[in-house]
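Structure at a glance
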Amino acid sequence: MGAQWNDGRRFEGRVAVVTGGGGTLGGAVARGFGSEGASVAIGYRSSRSQAAEVVAELEGRSGQAHSGSLDVTDQDSVDAFVADVVERYGRLDVLVNAAGRLDEADTVRFSELDTAAASALLQVDVIGAMRMCHAVSPMMLEGGGGAIVNFSSTYGNGINPDNAINFVPVTYSTAKGAIRGFTTTLARDLAPEIRVNALAPGPISGEWETEWGVSPEHIDEAIAMNPLKRFGKPEEIAETVLFLASDGAGYITGQVLHVDGGWVAAG
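Residues numbered from 1 in each chain as written. Predicted model: local features only at pLDDT ≥ 70, side-chain atom pairs only at ≥ 80, totals over all residues. Heavy atoms only, no water.

1. Some details on the overall build of the protein
Scanning the protein from terminus to terminus reveals nine helices and seven strands. Taken against the 2.2 N^0.38 rule, which gives 18 Å for 267 residues, the C-alpha radius of gyration of the protein at 18 Å falls within 12% of a compact globule. Across its three principal axes, the protein shows a C-alpha extent of roughly 50 × 40 × 35 Å. In the protein, which comprises 267 residues, the proportion classed as buried is 49%. (Helix = DSSP H or I, 4+ residues; strand = E, 2+ residues; numbered from the N terminus. Rg over C-alpha atoms; globule rule 2.2 N^0.38 Å. Buried < 20%, exposed > 50% of the residue type's maximum accessible area, 1.4 Å probe, protein only.)

As structure tokens, then:
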């Protein structure tokens, strides 16, 4: 298939797999691919209704999409999901590893480390991403190539241990740091047929107060540290993913792109 530049339909005729597609970021990514012509396979573990909403939205716009149960910590689940995608669509061009775990136990101080929780985090965020890449890469190679986009993070430059947004959670940062190394080395391993990149989002708008118990003062503190004086939008993350997966990024591989409003630069 020839290169497709940004005409608003960059993924026409291509198939994109989005893990964690029932989540805020995964859902935004799936919507983006669908709006640009891709057939979208949305994997979810617990967010079944949210994933179904994304599928219904895309189908309502005459798009092609489906959702399916996917546990990236289980090899059988991964293999079955990928096999179903290939059977449905006959090809697989893009993988976005948006599935991730963020539990309260993942953001504690190192003195309160729970190794069981740390292992669970690594199984999802790191080993899970590796499982997915290993499962899809043969299909991509059969089709002549593809693109993989992983999710890292800008965590690691916070300054206030009492602020869940503006802090350095050791366990979570360890997992996301592993994704950086995995992305760089996998890009070399799979080149030139498959490009592999990652993005590192900064704080994204969400229910920080109601879901995480972050005080308005701490939210304001984190926003004040950001040069753009705001949190990011899920759609901005999705746009970056689409760029990295598109032919317009055909000369980019092995990179971790910060999408953080200057968060790291100010840290």
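2. Concerning the packing of aromatic side chains
Scanning all chains against the criterion turns up one aromatic pair. Considering the side-chain rings of F11 and F33, the 4.8 Å spacing of their centres and the 75 degrees angle between planes classify their relative orientation as edge-to-face. Of this pair, F11 sits in the segment before β1 (15-19) while F33 is found in helix α1 (residues 24-35), placing the two residues 22 residues apart along the sequence. Taken as a pair, F11 and F33 share a single burial class, namely buried. (Phe/Tyr/Trp six-rings, centres within 6.5 Å; stacked < 30°, edge-to-face > 60°.)

3. What to know about the sheet that holds strand β5 (residues 146-151)
Within the open sheet, the seven strands sit side by side as β3-β2-β1-β4-β5-β6-β7. Their pairing is parallel. The two strands at the open ends of the sheet, each matched to only one other strand, are β3 (64-69) and β7 (256-259). Direction aside, neighbouring strands of the sheet carry axes that sit 20 degrees apart on average. Bridging between β5 and strand β6 (residues 194-201) involves six bridges; their strand directions are parallel. Paired with G146 across the bridge in β6 is I194. Contacts between α1 and the sheet are confined to β1, β2 (39-44), β4 (94-97) and β5, with β1 contributing the most and set at about 170 degrees to the helix. In the packing of helix α3 (residues 75-89) onto the sheet, the strands contacted are β1, β2 and β3, and the crossing angle to β3 comes to about 160 degrees. (Pairing = 2+ DSSP bridges. Axes fitted to C-alpha atoms, helices over the stretch in contact; angles between N-to-C directions. Contact = heavy atoms within 4.5 Å.)

4. Structural notes on the nonpolar core
One finds F33, V40 and V96 to be the most contacted residues of the largest nonpolar core, which totals 31 residues. Residue assignment for this core shows that the elements contributing at least two residues are β1, α1, β2, α2 (48-60), β4, β5 and α8 (234-245). Core analysis: the second largest hydrophobic core is formed by 27 residues, V82, Y89, I179 and F182 among them. (Core = buried A, V, L, I, M, F, W, Y, C linked by side-chain atoms within 4.5 Å.)

5. Describing the environment of A178
Relative to the helices and strands, A178 is located in helix α5 (residues 170-190). A relative accessible area of 32% means that A178 is categorised as partly exposed. Sequence spacing of A178 and A56 is 122 residues, and the spatial spacing of their C-alpha atoms is 35 Å.

6. A closer look at the pattern of salt bridges
Applying the stated rule across the entire model yields 10 salt bridges. Here E57 and R31 are joined by a salt bridge, their closest N and O atoms 2.8 Å apart. Of this pair, E57 sits in helix α2 while R31 sits in helix α1, and the two are 26 residues apart along the sequence. Across the salt bridge formed by K176 and D125, the nearest N and O atoms sit 3.0 Å from each other. With K176 in helix α5 and D125 in helix α4 (residues 115-142), this residue pair connects regions lying 51 residues apart in the sequence. With a relative accessible area of 7%, K176 lands in the buried category. When its relative accessible area of 4% is taken as the criterion, D125 is described as buried. Each of R31, E57 and R61 takes part in a single network of salt bridges with overlapping partners. (Salt bridge = Lys/Arg side-chain N within 4 Å of Asp/Glu carboxyl O.)

7. Let's talk about unusual backbone geometry
Along the chain, A191 connects to P192 via a cis peptide bond; the corresponding omega equals 5 degrees. Following the sequence through the fold, P192 ends up in the loop between α5 and β6.

Geometric descriptors of this kind do not, in isolation, establish any biological role.
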